[in-house]
Amino acid sequence: MRLHKDGAEKVALPSHPIHRAEDLTQGGNQALIVLHDQVYGLRITRAGKLILTK
């Protein structure tokens, strides 16, 4: 699935939430995600890849 930068074109997926990584990081390059009392780090690399670490 591809979204335009303005988010105008969206493809409907069956009940899968979509979250923009830039929104999760609030414009930065890192965010923390909590799952069952465990904290994970999400990082956007300079190459535009995502890394999720525990």
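Residues numbered from 1 in each chain as written. Predicted model: local features only at pLDDT ≥ 70, side-chain atom pairs only at ≥ 80, totals over all residues. Heavy atoms only, no water.

A. Layout of the pattern of salt bridges. Following the criterion strictly, the structure yields one salt bridge and no others. Glu 22 is paired through a salt bridge with Arg 20; the nearest N and O atoms lie 3.5 Å apart. You can call Glu 22 partly exposed: its relative accessible area is 41%. When its relative accessible area of 29% is taken as the criterion, Arg 20 is described as partly exposed. (Salt bridge = Lys/Arg side-chain N within 4 Å of Asp/Glu carboxyl O. Buried < 20%, exposed > 50% of the residue type's maximum accessible area, 1.4 Å probe, protein only.)

B. Structural context of the environment of Gln 30. Mapped onto the elements of the fold, Gln 30 is located in strand 1 (residues 30–35). Gln 30 gets classed as exposed once you look at its relative accessible area, which sits at 54%. In the structure, Gln 30 is positioned 13 residues away from Arg 43 in sequence and 4.5 Å away in space, judged by C-alpha atoms. Excluding residues within four positions of it along the chain, Gln 30 makes contact with Thr 25, Leu 42 and Arg 43. (Helix = DSSP H or I, 4+ residues; strand = E, 2+ residues; numbered from the N terminus. Contact = heavy atoms within 4.5 Å.)

C. Molecular detail of the sheet that holds strand 1. Read across the sheet, three strands follow the order 1-2-3 without closing on themselves; strand pairing throughout is antiparallel. Two strands close off the open sheet at either side, each with one partner strand: strand 1 and strand 3 (50–53). The average undirected angle you get between the axes of adjacent strands in this sheet is 25 degrees. Sheet topology places strand 1 next to strand 2 (residues 38–44); six bridges connect them, and they run antiparallel. Across the sheet, residue Ala 31 finds its bridge partner in strand 2, namely Leu 42. (Pairing = 2+ DSSP bridges. Axes fitted to C-alpha atoms, helices over the stretch in contact; angles between N-to-C directions.)

D. Region of interest: a nonpolar patch on the surface. A cluster of nonpolar side chains, namely Leu 24, Ile 33 and Leu 52, defines an oily patch on the protein surface of about 260 Å² accessible area. Examined against the element boundaries, Leu 52 turns out to sit in strand 3. (Patch = residues over 30% accessible without salt bridge, like charges linked within 9 Å, V, L, I, M, F, W, Y side chains within 5 Å. Areas by Shrake-Rupley, 256 points an atom, 1.4 Å probe, with all protein chains shown as cover.)

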